[in-house]
Amino acid sequence: MTPPELRALLADSVALWSAEARVWVDGEAVRVGEIRVTAAAPEDLPIRWWLERPGQKRPCTSVLGLLRSLRNALGGGEAQKLRVV
Amino acid sequence: MIPVVVLTGFLGAGKTTLLKRLLRDPGYADSAVIINEYGEVPLDHDLLASSEETFVSTSTGCLCCVVRSDLAATLMDLHRRRRLGEVPAYKRVLIETSGLADPAPILHALMTEQPVLETHRLEAVATLVDALHGAAALERHPEAQRQVRLADRILLTKPDLADTTALRATLATLNPGAELRDVLHGAVPADWLLAAAPRTDEWLDATARHSANLGSVIIEREAPIPAMALTLWLQGLAEHLGTKLLRLKGLVCIAEAPEAPAVLHGIGHVMHAPAWLEAWPSADHRSRIVLIGQGIPPYWPLRLLDAIEEEVRAASALPG
């Protein structure tokens, strides 16, 4: 996923959570307010994404994990679990 | 499995008139009817004269507001009495909701209560809209909008009493996927009303024609979708859309089994386990998924699916 594609997904997600944060491409990273999201290097697998805040760098192994972490960081409310019936 | 058809519509839309007519129609014989009325006295029950093959059970209070298990309890009690021969061996259940009911919790109950799931199958949601007062109800009452959004079929009642051009446009905007039929004096063919909700090309195509609608998000995809990507995507929808997702339906070409489509069906964070059609209904084998919801950024579901699919394909390409 390119930084502009990631920015589009994260900007939509921020809107979906009714969170308030500006989302923009910052070089190879995407900034969500003070949070910096970057794709992990291939040698970092199974880590795929890094989510950085001042004083904290959190690994995420999937885009779903990234969204979960970002939502928590933004205080976007409790997520619901899928229930299959 | 006993099919269940939910009949809903705002106050005065003509539900009782319709039921009154239906219960005298041989096409609706062998039906059990559960009537939910808002108020202490079950008037509708008394207004209905049922045929010998059909009987009526009432539940008072607003069905969508009471604990969901009440509906389950009513259904399962009927089912038990049917098994014991205490009531006729009905072949289907019609649930008439209160005019003030939001149907979502009712559908949720039908899809989540385990005993109900094992014995009943939600066949369709039919919503009545009054041609005369429907536009005002839709404008003023969110319950009326939810009733329309969740419908598989919309029955436009009293169409002879008003110009319905604007109302039809509103209905098409709120729920582009629903079939709409004019209904005069409660006359509705049983084979149309009671049929399983369409989940084939006709339904999807009808929806796709209105893809600009804000309440609906359409995803069409040429390439088959890996099963793992689909599973993770549904998980993502449930996590982040929650109650914003009113309904999800779709035909999906799964990469591991592309010869027949999987049928998706869900409400909120609750999804039915995918069912499989025996074959594709047409030469069009694209995956087509419709999400009906409120406040969903229109490209978010597709962007999430793209991102997840990219990860899944990358992972499956890894050695070992």
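Reading guide: rules and limits
- Residues numbered from 1 in each chain as written.
- Chains lettered and ligands numbered in written order.
- Predicted model: local features only at pLDDT ≥ 70, side-chain atom pairs only at ≥ 80, totals over all residues.
- Heavy atoms only, no water.
- Core = buried A, V, L, I, M, F, W, Y, C linked by side-chain atoms within 4.5 Å.
- Buried < 20%, exposed > 50% of the residue type's maximum accessible area, 1.4 Å probe, protein only.
- 1 Å grid on protein atoms, 1.4 Å probe; cavity = no way out; pocket = protein on both sides within 12 Å on 5 of 7 lines; lining within 4 Å.
- Points joined across faces, edges and corners; volume = space filled by probe spheres on them.
- Helix = DSSP H or I, 4+ residues; strand = E, 2+ residues; numbered from the N terminus.
- Nonpolar A, V, L, I, M, F, W, Y, C, P; charged D, E, K, R; others polar.
- Phe/Tyr/Trp six-rings, centres within 6.5 Å; stacked < 30°, edge-to-face > 60°.
- Lys NZ or Arg CZ within 6 Å of the ring centre and 35° of its normal.
- Contact = heavy atoms within 4.5 Å.
- Buried area = accessible area lost by both parts, 1.4 Å probe.
- Salt bridge = Lys/Arg side-chain N within 4 Å of Asp/Glu carboxyl O.
- Polar contact = N/O pair within 3.5 Å; in protein donor to acceptor, adjacent residues only side chain to side chain.
- Expected span 1.5 Å × (residues − 1).
- Pairing = 2+ DSSP bridges.
- Axes fitted to C-alpha atoms, helices over the stretch in contact; angles between N-to-C directions.

Participant: Any details on the nonpolar core? Residues and values, ideally.
Facilitator: Residues L10 of chain A together with W233, L248 and L291 of chain B are the most contacted members of the largest nonpolar core, which totals 45 residues. Judged by nonpolar contacts, the second largest core, of 24 residues, contains I2, V4, A32 and A104 of chain B.

Participant: Go over the layout of surface pockets with me, naming the residues and quoting the values.
Facilitator: All names here are of chain B. Quantified by volume, the second largest pocket comes out at close to 240 Å³. Ranked by the residues each element gives to the lining of the second largest pocket, the list is headed by helix 12 (residues 300–316), at 4 residues. Looking at the lining of the second largest pocket residue by residue, the classes come out as 10 nonpolar, no polar and 3 charged.

Participant: Break down the packing of aromatic side chains for me, with residues and values.
Facilitator: Under the definition given, this model contains 0 aromatic pairs over all chains. Between the NZ or CZ atom of R22 of chain A and the centre of the ring of W24 of chain A, over which it lies, the distance is 4.1 Å. Lying over the aromatic face of W192 of chain B, R153 of chain B brings its terminal NZ or CZ to 5.7 Å of the ring centre.

Participant: Run through the interface of chain A and chain B, naming residues and quoting values.
Facilitator: Interfaces are frequently sized by the accessible area removed from exposure as the parts join. With 25 residues of chain A in contact, the opposing surface of chain B contributes 34 residues. Roughly 2500 Å² is buried in total at the junction of chain A and chain B, and carbon and sulfur atoms are behind 59% of that figure. Where chain A packs against chain B, one counts 2 salt bridges. Of the charged contacts in the structure, one is a salt bridge between R68 of chain A and E239 of chain B, with a shortest N-O distance of 2.5 Å. Taken together, the links from chain A to chain B amount to 11 residue pairs in polar contact (both at pLDDT 80 or more). Secondary-structure elements contributing two or more residues to the side of chain A that touches chain B are helix 1 (3–16), helix 2 (63–74) and strand 6 (83–84) of chain A.

Participant: Just give me the short version of helix 4 (residues 103–112) of chain B, but keep the residues and values in it.
Facilitator: Extensive coverage of helix 4 of chain B is indicated by the burial of 9 of its 10 residues. Among the residues making up helix 4 of chain B, those that are buried are P103, A104, I106, L107, H108, A109, L110, M111 and T112 of chain B.

Participant: Can you break down helix 1 of chain A residue by residue, with the values?
Facilitator: Think of an α-helix as turning once every 3.6 residues; residues three or four places apart then point the same way. All names here are of chain A. Look at helix 1: 20 Å from first C-alpha to last across 14 residues, which is about the 20 Å you get at 1.5 Å a residue. Burial in helix 1 covers these residues: P3, L6, A8, L9, L10, D12, S13, V14 and L16. In the segment just after helix 1, S18 is the residue with positive phi, at about 55°.

Participant: Describe the pattern of salt bridges, naming the residues involved and giving the relevant values.
Facilitator: All names here are of chain B. Per the counting criterion, the structure on display carries 17 salt bridges over all chains. In this structure, R221 engages D306 in a salt bridge whose closest nitrogen and oxygen atoms are separated by 2.3 Å. Residue R221 is located in strand 8 (residues 216–221), and its partner D306 is located in helix 12; the two are separated by 85 residues in the primary sequence. One salt-bridge network, held together by shared partners, links E220, D284, R286 and R288.

Participant: I'd like a description of the sheet that holds strand 1 (residues 23–26) of chain A, backed by residues and values.
Facilitator: All names here are of chain A. Read from one edge to the other, the open sheet built from 5 strands follows the order 1-2-3-4-5, with strand pairing classed as antiparallel. Pairing within the sheet leaves two strands with one partner each, and these edge strands are strand 1 and strand 5 (56–60). When the angles between neighbouring strand axes are averaged without regard to direction, this sheet yields 25°. Inspection of the sheet shows strand 4 (residues 49–53) paired to strand 5 by 5 bridges, in the antiparallel sense. When the sheet's bridge partners are listed, R53 is paired in strand 5 with Q56.

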